[in-house]
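# Residue-level structure breakdown
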Amino acid sequence: MSRATLRYGAPFLVGLVVLALWQALVTAYDVPSYLVPSPALIGRTLITDWPLLSRSLAFTLEITLLALAGAVALGVALAFVFVQSRVVEASLFPYAVLLQVTPIVAIAPLIIIWVADTRAALVLCATIVAIFPIISNSTLGLRSVDPGLLDLFRLHRASRWQTLLRLRIPSALPYFFAGLRVSAGLALIGAVVAEFVAGTGGTASGLAYQILLSGLQLNVPRLFAALFLIALAGIVLSTLTAWAAKLALRHWHESEVAADE
Amino acid sequence: MAAARPGHVTDRPLVVEIDGAEKVFENGLRALAPISLAVREREFATIIGPSGCGKSTLLRLVASLATPTAGSVRLWPQGAAARGSGRVAFVFQSPTLMAWADVEANVRLPLDLEDGAADRAGRVDRALSLVGLEEFRAAHPRQLSGGMQMRVSIARALVTEPSLLLMDEPFGALDEITRARLDRELADLWTREALTILFVTHSIYEAAFLSTRVLVMSSRPGRIFAEVAIDAPHPRDEAFRGSERYAGYCAKLTDLLSAAADSGSAK
């Protein structure tokens, strides 16, 4: 078996077997669809409810991507500041940790009350969830510079700016991309959790809101369909960030070159 | 060529003048006792000594990568370099290359860091040809062997056409055969270029093969224990390595080095 067959074929086969088993059991025991819908029914619901679900998917994706962009911009900016000054880092880093360890469900109601625009409130919540890996990984990366190269830059009287651009940023890239991958997943989780909290106010229309509503209405097939779309969004995001890392690092970094040689 | 026997030439201009330089680290460790040392133009001066004797520290002082706690380190104290650019280049223990950049970009780095360096492409070409790496300009460091990476590192040092080349155990991590070849190439390079080299190694054989003068250091705190002029003509080749004269120098350096180590540990 080739490596590609193993990597993609094997999980696909497992999925197929599970779905077939699921379908067979539901049919055999005549399980009502408001408890466990069959995969076929979920598939049909995906198609019939697509106008509604696609809008929700777009909304959730929008929140997720905006939050990820915000986390990257703000997180990288903070990392730069931290690296320039130990005092600033020592003063601010504990608060970044505080934000990280406080569950977003606990903060979200406050943010939703304070920020009038629901969409902005959701993005803010998801950004808070997603930002920490970007901050910590970028800071670590910007500091993880070969001391010999740092000496070389000093020897040639490189400016702070040159050292940042030509040495610190490239050195930080592998760390940054590892953080980005974690953050992308967290941004989606943050978006979904925030929607759940905001959804009780009845204003949002993302996938999480569909799940909440479907649960209340016992429309379990639609609940499963929405769940499927969230999972799919997560997989796509993770794959995209992995590709981005590969594209940026394939020529030189061990993490990305080992795979194709 | 004329520079064949520069061993005892004291009328050449000073390149490095170290006057009572001392280094005590912040943690109180005394790395260097007051050291005085002069290196003159076209010398190939080598410092050998046991591990931790402060040879690297001494080299860092000369490169201004560290400052002496007392005393002074001056380059070209008699005025501008008579020959060459008056630049200093450093070759580190490990190749210290930028993994994300190809060979050409790595070699060009010192020129890129300088504002308005002229004829970058030409100088990079020349540096690459000096170490025989023209064909590998597009390769990334990870694709090269340890010896080739070290060559890139040397090309990067040569690209600024330095007058003083500082080398901190550059071939220490290489296998014996590669090391011997690079030693030979370095000896050639020194003969052809207007270079003054201050070299650090813990290999007696390398020191005896390359140098015009060897300084033996003892440790804790580091100081110059003895000095040996290697009075053999350049360019040196494998015949010199097989000669009795070379064996004599190696034996002498071995004795001095163990005496230096004893003097250090006796304290």
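Residue positions are counted from 1 within each chain, in the order its sequence is given. Here the convention is simple: chains get letters from A, ligands get numbers from 1, in the order in which they are written. Where totals are concerned, whole chains, interfaces and linings use all residues; where local detail is concerned, this predicted model gives features only for residues with pLDDT of at least 70, and gives and counts side-chain atom pairs only at 80 or more.

## Some points on the overall build of chain B
In terms of helices and strands, chain B carries 8 helices and 9 strands. Only C-alpha atoms enter the radius of gyration, while the globule expectation follows 2.2 Å times N to the 0.38, with N the number of residues. Scaling as 2.2 N^0.38, a compact globule of 267 residues should have a C-alpha radius of gyration of about 18 Å, and chain B matches this with 18 Å. Counting only C-alpha atoms, chain B reaches 55 × 45 × 40 Å along its principal axes. Whether a residue is buried, exposed or partly exposed is read from the other C-beta atoms within 10 Å of its own C-beta, which are placed from the backbone; 20 or more gives buried, 12 or fewer gives exposed, and intermediate counts give partly exposed. Counting the 267 residues in chain B, one finds 44% classified as buried. Whether two residues are in contact is decided by their C-beta atoms, placed from the backbone, lying within 7 Å. In chain B, once contacts between residues fewer than 6 apart in sequence are set aside, the share between residues at least 24 apart is 76%. Helical segments are the DSSP runs of H or I of at least four residues, strand segments are the runs of E of at least two, and each set is numbered from the N terminus.

## Looking at the interface of chain A and chain B
Contacts between the two partners involve 15 residues from chain A and, on the opposite side, 14 residues from chain B. Where the side of chain A that touches chain B is concerned, the elements lending two or more residues are helix 7 (147-155) and helix 8 (160-199) of chain A. For the side of chain A that touches chain B, the element with the highest residue contribution is helix 7 of chain A, accounting for 7 residues. Each residue receives one of three labels: charged for Asp, Glu, Lys and Arg, nonpolar for Ala, Val, Leu, Ile, Met, Phe, Trp, Tyr, Cys and Pro, and polar for the others, Gly being one of them. Here the side of chain A that touches chain B is composed, by residue class, of 8 nonpolar, 4 polar and 3 charged.

## Details of the environment of B:Ala261
Residue and element names in this part refer to chain B. Here Ala 261 shows up in helix 8 (residues 244-265). When the C-alpha atoms of Ala 261 and Ser 218 are compared, they prove to be 5.8 Å apart, with 43 residues separating the residues in sequence. The contact partners of Ala 261, leaving out residues within four places of it in the chain, are Pro 50 and Ser 218.

## Remarks on the domain arrangement of chain A
All names here are of chain A. Domain assignment breaks chain A into domain 1 (1-30) and domain 2 (35-260). What fixes the domain bounds is an automatic or database domain assignment. Computed from C-alpha atoms alone, the centre-to-centre distance between domain 1 and domain 2 is 30 Å. Domain 1 puts 5 residues into the contact, and the matching count from domain 2 is 4 residues. For the side of domain 1 that touches domain 2, the class distribution of residues is 3 nonpolar, 2 polar and no charged.

## Digging into the sheet that holds strand 8 (residues 213-218) of chain B
Residues and elements named next belong to chain B. Paired strands, in this sense, are two strands between which DSSP finds at least two bridges. Pairing is mixed across the open sheet formed by 6 strands, whose spatial order is 5-6-7-3-8-9. Either end of the sheet is taken by a strand with one partner, and the two such strands are strand 5 (88-91) and strand 9 (223-229). Between one strand axis and the next, the sheet turns through 15° on average, direction left out of account. With respect to the sheet, helix 1 (residues 55-62) is in contact with strand 3 (44-48), strand 6 (164-168), strand 7 (196-201) and strand 8, its orientation differing from that of strand 7 by roughly 155°. Lines are fitted to the C-alpha atoms to define the axes, a helix being fitted only along its stretch in contact, and any angle between axes, read from their N-to-C directions, falls within 0 to 180 degrees.

## Observations regarding the sheet that holds strand 4 (residues 70-75) of chain B
Residue and element names in this part refer to chain B. One open sheet accounts for 3 strands, arranged 2-1-4; its pairing is antiparallel. Edge positions in the open sheet fall to strand 2 (30-40) and strand 4, since each of these has one partner strand only. Adjacent strand axes in the sheet meet at a mean angle of 15°, parallel and antiparallel pairs treated alike. Direction of pairing for strand 1 (residues 14-24) relative to strand 2: antiparallel, over a ladder of 7 bridges. From the neighbouring strand, Glu 17 faces strand 2, where its bridge partner is Ala 38.

## Things to note about the nonpolar core
Formed by 78 residues in total, the largest nonpolar core has its most connected members in B:Ala155 and B:Leu166. The element best represented in this core is helix 4 (residues 146-158) of chain B, accounting for 6 residues. With residues near it in sequence (within four places) discarded, B:Ala155 still touches B:Val107, B:Ala127, B:Leu128, B:Leu130, B:Val131 and B:Leu133. Definition of nonpolar core: a set of buried Ala, Val, Leu, Ile, Met, Phe, Trp, Tyr and Cys residues joined via C-beta atoms within 7 Å. Residues A:Ala108, A:Val192, A:Ala208 and A:Ala225 belong to the second largest nonpolar core, which totals 56 residues.

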